[in-house]
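Notes for the structure review
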Amino acid sequence: MTSTAREFVAYGPSYWSAIAVFAVGAVLLIWLGRRQTETAARRFGRIGGALTALLYLGASVNALIPPSIDGSVPLHLTDLATLSAAYALWSQRQWAFALTYYWGLVLSVQALISPVLTGPDFPHYQFLGFWAIHLLVVWAAIYLTWGRRMRPTWRSYRTAVMVTAVWVAITITFNSITGANYGFLNRKPGNPSLLDLMGPWPVYLLIGSALVATVWAAMTWPWSLMKRPT
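Source: prediction; values computed, not measured.

About the thresholds
- Residues numbered from 1 in each chain as written.
- Predicted model: local features only at pLDDT ≥ 70, side-chain atom pairs only at ≥ 80, totals over all residues.
- Heavy atoms only, no water.
- Salt bridge = Lys/Arg side-chain N within 4 Å of Asp/Glu carboxyl O.
- Helix = DSSP H or I, 4+ residues; strand = E, 2+ residues; numbered from the N terminus.
- Buried < 20%, exposed > 50% of the residue type's maximum accessible area, 1.4 Å probe, protein only.
- Phe/Tyr/Trp six-rings, centres within 6.5 Å; stacked < 30°, edge-to-face > 60°.
- Expected span 1.5 Å × (residues − 1).
- Bend = angle between axes of the 7 residues up to and from the residue.
- pLDDT = per-residue confidence, 0-100.
- Core = buried A, V, L, I, M, F, W, Y, C linked by side-chain atoms within 4.5 Å.
- Contact = heavy atoms within 4.5 Å.
- Patch = residues over 30% accessible without salt bridge, like charges linked within 9 Å, V, L, I, M, F, W, Y side chains within 5 Å.
- Areas by Shrake-Rupley, 256 points an atom, 1.4 Å probe, with all protein chains shown as cover.
- Axes fitted to C-alpha atoms, helices over the stretch in contact; angles between N-to-C directions.
- Parallel < 35°, antiparallel > 145°, perpendicular 65-115°, else oblique.
- Left-handed = near helix turned anticlockwise from the far one by under 90°.
- Nonpolar A, V, L, I, M, F, W, Y, C, P; charged D, E, K, R; others polar.

For the structure on display, the rule yields two salt bridges. In this structure, the salt-bridge partner of Asp121 is Arg6, at a minimum N-O distance of 3.6 Å. Taken together, the positions of Asp121 in the loop between α4 (94–113) and α5 (125–147) and Arg6 in the segment before α1 (13–35) put the pair 115 residues apart, joining distant regions of the chain. For Arg6, a relative accessible area of 54% puts it in the exposed group.

Next up, the structure:
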């Protein structure tokens, strides 16, 4: 038996339904996080971390069918963000929270605003997997920051910048050797994107890096002010 699945269309009904689920979930997680005891928060974080890790494992297995050099290697920043979110929820370590905060609230949020999803619409497993992964990363950042009141510091900022720089160096090298283009670090995507406004390679990398670093600094500065004595 064969059937033709409806294709996902950005900003269609299924998109706005996913955004509605995201908004409701974010509010509930903040409400829950502020009312949890430490024991309840630890239990909830471990359940959430394990669930995020299991979903990532499933997505990784799916990426291997069939295996390809430009799609199956876990070098997307989404891979790192998902693993960081899982560990941050499980352990509530500051460095893992820092990566989840900066990657989740800037880079993963972009997937919610302009989803790069080509494939079947709801309720196909590819649709559900895409949204589950990205929602969980952003939810983890929101829950830990405004629910559990973990705070980024300038040390957190430096950690995120350094880890991201290492990822860029490794990924550009891998792309150059294999011809892949993880993170669009070696060439722009074929479809229109914000990178088109930033000039040719490697100019768009420099501009994009400076922009991200500036936004992350702006996300750190208000929290640092709150710690100053009045």
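Continuing now.
Moving on, we get to the packing of aromatic side chains. The tally for this structure, following the rule as stated, stands at 18 aromatic pairs. Each member of the aromatic cluster is reached from another via a ring pair, and the members are Phe8, Tyr11, Tyr15, Trp16, Phe122, Phe127, Phe130 and Trp131.

This next bit is on α4. An ideal rise of 1.5 Å per residue puts 28 Å on 20 residues; α4 measures up with 27 Å between its terminal C-alpha atoms. Bending of α4 peaks at approximately 45° at the position of Gly104. The element α4 is extensively covered by neighbouring structure, given that 14 of its 20 residues are classed as buried.

Okay, unusual backbone geometry next. In this structure, Pro123 follows Phe122 across a cis peptide bond, with omega equal to 10°. Inspection of the secondary structure assignment puts Pro123 in the loop between α4 and α5. Following Trp201, the chain continues to Pro202 via a peptide bond in cis, the omega torsion being 0°. When you line up the elements, Pro202 lands in the loop between α6 (154–178) and α7 (203–226).

With that out of the way, let us pick up the confidence of the model for the chain. Per-residue confidence for the chain averages 90 on the pLDDT scale, and 95% of its residues sit at or above 70. Here α4 is the element of the chain with the lowest mean pLDDT, 91, and α6 is the one with the highest, 96.

Core analysis: the largest hydrophobic core is formed by 50 residues, its most contacted members being Tyr102, Trp131 and Trp216. Put simply, the parts of the chain that give this core at least two residues each are α1, α3 (77–91), α4, α5, α6 and α7. Broken down by element, this core gets its largest block of residues, 13 residues, from α5. Once residues lying within four places of it in the same chain are set aside, the contact partners of Trp131 are Phe8, Tyr15, Ala18, Ile19, Ala111, Leu112, Pro115 and Leu117.

Here the focus is a nonpolar patch on the surface. Nonpolar side chains collect at one region of the surface, where Leu54, Leu57, Val61, Leu64 and Ile65 lie side by side and expose about 510 Å² of accessible area between them. With respect to the helices and strands, the residue Ile65 is situated in the loop between α2 (38–63) and α3. Classification of Ile65 by relative accessible area gives exposed; the value is 63%.

Here Thr153 is to be found in the loop between α5 and α6. When the C-alpha positions of Thr153 and Trp221 are compared, they lie 8.3 Å apart, and in sequence the two are 68 residues distant.

Next up on the list: α3. Here α3 contains 15 residues, and its C-alpha end-to-end distance of 21 Å stays within 8% of the 21 Å for a straight helix at 1.5 Å per residue. All of the buried residues in α3 are Leu77, Asp79, Ala81, Thr82, Ser84, Ala85, Ala86, Ala88, Leu89 and Ser91. Taken from the residues just after α3, Gln92 is the one with a positive phi, measuring 55°.

Time to look at the packing of α3 against α4. Axes are the key here: two packed helices are described by the angle between their axes and the distance separating the axes. Contact geometry for α3 and α4: axes closest at 8 Å, N-to-C directions at 135°. When the axis of α3 is compared with that of α4, the two are oblique. Crossing of α3 against α4: the hand is left-handed. Contact with α3, carried on its side by Leu77, Leu80, Ala81, Ser84, Ala85, Tyr87 and Ala88, involves Trp95, Ala96, Phe97, Leu99, Thr100, Trp103, Leu107 and Ser108 of α4 and no other residues of that element. Among the residues making up the contact of α3 with α4, the classes are represented as 12 nonpolar, three polar and no charged.

Looking at the element boundaries, Ser84 is found in helix α3. Given a relative accessible area of 8%, Ser84 falls into the buried group. The residues contacting Ser84, other than those within four sequence positions of it, are Ala96, Leu99, Thr100 and Trp103.

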